[in-house]
Amino acid sequence: MAALMAALMAALMAAFRVGNIELADVRVVIFGSGSAGTGIAKQVADTITTDTGRTKKLQHRYAECNSSTCFPGIGLGAVLSRTRILSDNMLVAAARALASQSPALRDPSRPLLPDIENISEISVHIAWAVIEKAIKEGYAQEEEIQSHENDLEEWIRV
């Protein structure tokens with residue numbers, strides 16, 4: 001595990017250097033599972049804190065964000081649109097919809113991804129994006145999909 005962390009840190013540090021990105025300006029999301037993911041996240045946070053020379057205590061938030069925040073909305077959108085294909089573009093639309101719900105957009109000190117406690121609202125937002133993309137790509141088979149933005153949101157909620 002230590003070798004994996006060292007390799008990950010080396011890759012991140014090289015990427016930051018190549019991109020002329022200062023560690024003090026970095027926010028990192030690490031997708032892992034269980035203790036491996038949080039262990040790597042702690043290592044990255046410790047390195048950033050040490051390398052930036054900051055004397056104040058930084059607050060690092062660890063959130064376990066597996067697929068639980070995205071999958072319900074993707075499934076809801078696919079089922080409601082009756083698509084038989086879940087395209088790459090639909091998944092990108094879902095990812096963008098999830099990213100647009102980032103608490104950090106309202107307050108930079110907040111987490112980058114929303115908490116599972118808001119899953120109902122997150123799922124409606126993601127489903128809306130998936131349905132819109134399914135319609136645009138011609139994969140939606142449901143004939144009663146509402147075309148007006150507010151009507152579509154209400155239709156999803158029902």
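This one's a predicted model, so the numbers in the text were calculated from it and none came from an experiment. (Residues numbered from 1 in each chain as written. Predicted model: local features only at pLDDT ≥ 70, side-chain atom pairs only at ≥ 80, totals over all residues. Heavy atoms only, no water.)

Participant: Quick question: what am I supposed to make of unusual backbone geometry here?
Facilitator: The phi dihedral of Asn 20 is positive, around 55°, even though this residue is not glycine. As for its position among the elements, Asn 20 is in the loop between α1 (2-18) and α2 (34-52). Even without a glycine there, the phi angle at Arg 82 is positive, about 60°. (Helix = DSSP H or I, 4+ residues; strand = E, 2+ residues; numbered from the N terminus.)

Participant: What is the right way to look at the packing of helix α3 (residues 71-81) against helix α5 (residues 119-137) in this model?
Facilitator: Between two packed helices, the angle of one axis relative to the other and the distance separating the axes together describe the packing. The interhelical angle for the contact between α3 and α5, taken along N-to-C directions, is 45°, at an axis separation of 7 Å. The angle between α3 and α5 falls in the class oblique. The chirality of how α3 crosses α5 is right-handed. In this structure, α3 contributes Pro 72, Gly 73, Ile 74, Leu 76, Gly 77, Ala 78, Leu 80 and Ser 81 to the contact, and α5 contributes Ile 119, Ser 123, Ile 126, Ala 127, Val 130, Ile 131 and Ala 134. (Axes fitted to C-alpha atoms, helices over the stretch in contact; angles between N-to-C directions. Parallel < 35°, antiparallel > 145°, perpendicular 65-115°, else oblique. Left-handed = near helix turned anticlockwise from the far one by under 90°. Contact = heavy atoms within 4.5 Å.)

Participant: Looking at this structure, how should I read the side chain of Thr 83?
Facilitator: Here Thr 83 is to be found in the loop between α3 and α4 (88-99). Here Ile 85 takes part through its backbone oxygen, which lies 2.6 Å from a polar atom of the side chain of Thr 83. Residues within four places of Thr 83 in sequence aside, it is in contact with Ala 78, Met 90 and Tyr 139. (Polar contact = N/O pair within 3.5 Å; in protein donor to acceptor, adjacent residues only side chain to side chain.)

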